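Remarks on the overall topology
Residues per chain are reported as follows:
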Amino acid sequence: MAFQIPTYHGPDFTQQKFKDAPDVKIAVADMDGVAPDYYHSTSMYPEYFKVDGKWLLAEESRMDSSVVLREDGRLDVVENRNIRKGDKVILGRTENCEEGIYLHATGFQEPGKEADQFVFRTGRSRETAFSKDYDQLYELLKYEREHGKVVWVMGPAFSFDYDARRSMQALVESGFVQGLMAGNALATHDLEGGLLRTALGQDIYTQESRPQGHYNHLDVINLVRRSGSIPQFIQDHNIKDGIMYSLVQKNVPFVLTGSIRDDGPLPEVIASAYEGQSRMRDMVRDATTVICLATQLHTIATGNMTPSFRVVDGVVRPLYIYCIDTSEFVTNKLADRGSLSAISMLTNAQDFIVNVAKGVGALK
């Protein structure tokens with residue numbers, strides 16, 4: 001069955017509580033990077049604000065940010081560190097019309113039905129059966145290839161395995177990837193696999209350690225830095241396969257953010273945490289599906305900047321976020337941080353990516 005986007009049921013603004021609600025209060029920021037007292041902090045759900053008697057949706061919402069009313073009447077969701085002196089910041093801590101603010105958490109719930117169709121899919125474990133989730137994901141990805149934007153958030157595990165690496169390459173080449181976010185390690189070991197057929201010195205197929213293999217990833221980093229960029233390294237050393245190879249060949253954007261423990265790092269790795277955060281936010285800003293795989297910190301960070309909805313051509317639709325990991329701690333942690341719409345699948349990430357590549361027809 002072809003995938004269908006669930007219908008969004010917006011608030012009924014003819015209800016008396018909406019009519020009686022006051023306009024939101026606004027205060028002007030008096031300095032850069034500081035919100036006024038009693039600022040309103042956003043959530044992952046659609047939020048509406050009454051401005052000059054009209055209820056407006058903050059279309060690019062995300063967690064833990066403030067709402068700024070722009071001169072053109074647009075509501076801009078801004079991290080507090082990015083607030084500028086003179087910004088008109090919305091105030092209010094209640095969310096049921098009392099202060100002109102309404103949080104709408106049930107927009108994708110069919111009227112009269114329990115909230116079990118899209119969000120609130122929590123409490124999953126290793127004992128959960130995921131067959132239906134796989135089938136739904138296959139159809140979702142086919143739909144998104146034509147109508148949306150799929151961003152993948154990946155840990156280095158995929159570069160350690162021949163089949164996982166090949167499967168992700170096939171997904172990129174088949175158009176199921178519109179953006180990728182990762183750290184230094186995924187790119188480093190994937191390029192190591194392309195050049196030396198190892199990852200951290202181990203053969204990517206047999207997992208056997210090569211003599212002096214612990215030098216391999218350091219040598220690759222050195223060579224990439226000598227080339228000046230990942231695309232130039234791929235050209236200089238005639239790399240013909242891999243995740244980074246396919247991203248470069250297909251002009252798919254990627255964001256690599258660094259950490260204190262990084263070797264090198266590669267030239268494209270962003271050293272500043274806040275610059276990396278901003279670049280990640282830019283990539284997920286128009287994403288419609290986000291798939292987080294075997295990377296705890298990147299998963300939680302991405303979950304915090306990803307709302308439960310997206311406005312596409314004036315229509316509100318769900319934003320799907322998947323969390324794939326073998327650790328229940330990671331999936332529970334994501335839910336604890338407020339990303340309640342994440343669909344969790346407790347499984348080996350390498351097996352997952354092979355199944356997905358085959359399920360959507362990218363890997364024969």
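For the structure, see preceding data.
Nothing here was measured: the structure is a model prediction, and the numbers come from that model.

Side note on the sheet that holds strand β3 (residues 54-57)
- Judged by pairing direction, the sheet is antiparallel, and its three strands sit side by side in the order β3-β2-β7 without closing on themselves. Both outer strands of the open sheet, β3 and β7 (101-103), are each paired with one neighbouring strand and no more. For this sheet, the mean inter-axis angle between neighbouring strands, taken without regard to orientation, is 25°.
- As defined by bridge partners, strand β2 (residues 47-51) adjoins β3 across four bridges and the pair is classed as antiparallel. By the bridge assignment for β3, K50 is matched with W55.

Re the nonpolar core
- Counting 56 residues, the largest nonpolar core has W152, M168, L171, I230 and I291 as its most contacted members.
- Top contributing element to this core by residue count: helix α11 (residues 349-359), with six residues.
- The residues touching M168, leaving out its near neighbours within four places in the chain, are W152, M154, V177, L180, I243 and I353.
- Counting 18 residues, the second-largest nonpolar core is a separate cluster that includes I270, L319, C323 and A342.

Details of the side chain of R310
- Among the secondary structure elements, R310 is positioned in strand β14 (residues 309-312).
- Put simply, R310 is tucked away with no salt bridge, and the nearest opposite charge, on E60, sits 6.1 Å away.
- Side-chain polar atoms of R310 contact the backbone oxygen of R285, separated by 2.8 Å.
- Among the polar contacts made by the side chain of R310, one reaches the main-chain carbonyl oxygen of A287 at a distance of 2.8 Å.
- For R310, the contacting residues outside a window of four places in its chain are V284, R285, D286, A287, T288, V315, V316, R317 and L319.

So, the pattern of salt bridges
- Considering all chains together, one arrives at 18 salt bridges under this definition.
- Across the pair E139 and K142 runs a salt bridge, and its minimum N-O distance is 3.6 Å. Placement of both E139 and K142 in helix α2 (residues 131-147) is noted, with a separation of three residues, approximately one turn of the helix.
- Taking relative accessible area as the criterion, K142 reaches 32% and is therefore assigned partly exposed.
- A salt bridge links D203 to R210; the nearest nitrogen and oxygen atoms lie 2.8 Å apart.
- By relative accessible area, which is 13% here, D203 ends up buried.

Notes on the environment of Y143
- Within the fold, Y143 resides in helix α2.
- For the pair Y143 and F3, spaced 140 residues apart in sequence, the C-alpha separation works out to 6.3 Å.
- When residues no more than four places from it in sequence are discounted, the contact partners of Y143 are F3, I5, G148 and R317.

What about α11?
- Residues A349, Q350, F352, I353, V354, V356 and A357 constitute the buried set of α11.
- Capping the start of α11, N348 holds a side-chain oxygen 2.9 Å from the backbone nitrogen of Q350, two or three residues further along.
- Just beyond α11, the residue with positive phi is G361, at close to 85°.

Let's talk about the pairing of strand β9 (residues 179-183)
- Judged by how many residues are buried, β9 sits mostly within the fold: five of five residues are covered.
- Pairing between strand β8 (residues 150-154) and β9: three bridges, direction parallel. In the sheet register, V153 faces β9, and the bridge partner there is M181.
- Taken together, β8, helix α3 (residues 162-173) and β9 constitute a β-α-β crossover, and its handedness is right-handed.
- As paired strands, β9 and strand β12 (residues 254-257) are joined by four bridges and run parallel to one another. Among the inter-strand pairings, L180 is bridged to a residue of β12, identified as F254.

Calculation criteria
Residues numbered from 1 in each chain as written. Predicted model: local features only at pLDDT ≥ 70, side-chain atom pairs only at ≥ 80, totals over all residues. Heavy atoms only, no water. Pairing = 2+ DSSP bridges. Helix = DSSP H or I, 4+ residues; strand = E, 2+ residues; numbered from the N terminus. Axes fitted to C-alpha atoms, helices over the stretch in contact; angles between N-to-C directions. Core = buried A, V, L, I, M, F, W, Y, C linked by side-chain atoms within 4.5 Å. Buried < 20%, exposed > 50% of the residue type's maximum accessible area, 1.4 Å probe, protein only. Contact = heavy atoms within 4.5 Å. Lys, Arg positive; Asp, Glu negative; His and termini not counted. Salt bridge = Lys/Arg side-chain N within 4 Å of Asp/Glu carboxyl O. Polar contact = N/O pair within 3.5 Å; in protein donor to acceptor, adjacent residues only side chain to side chain. Right-handed = clockwise from strand over helix to strand, strands pointing away.

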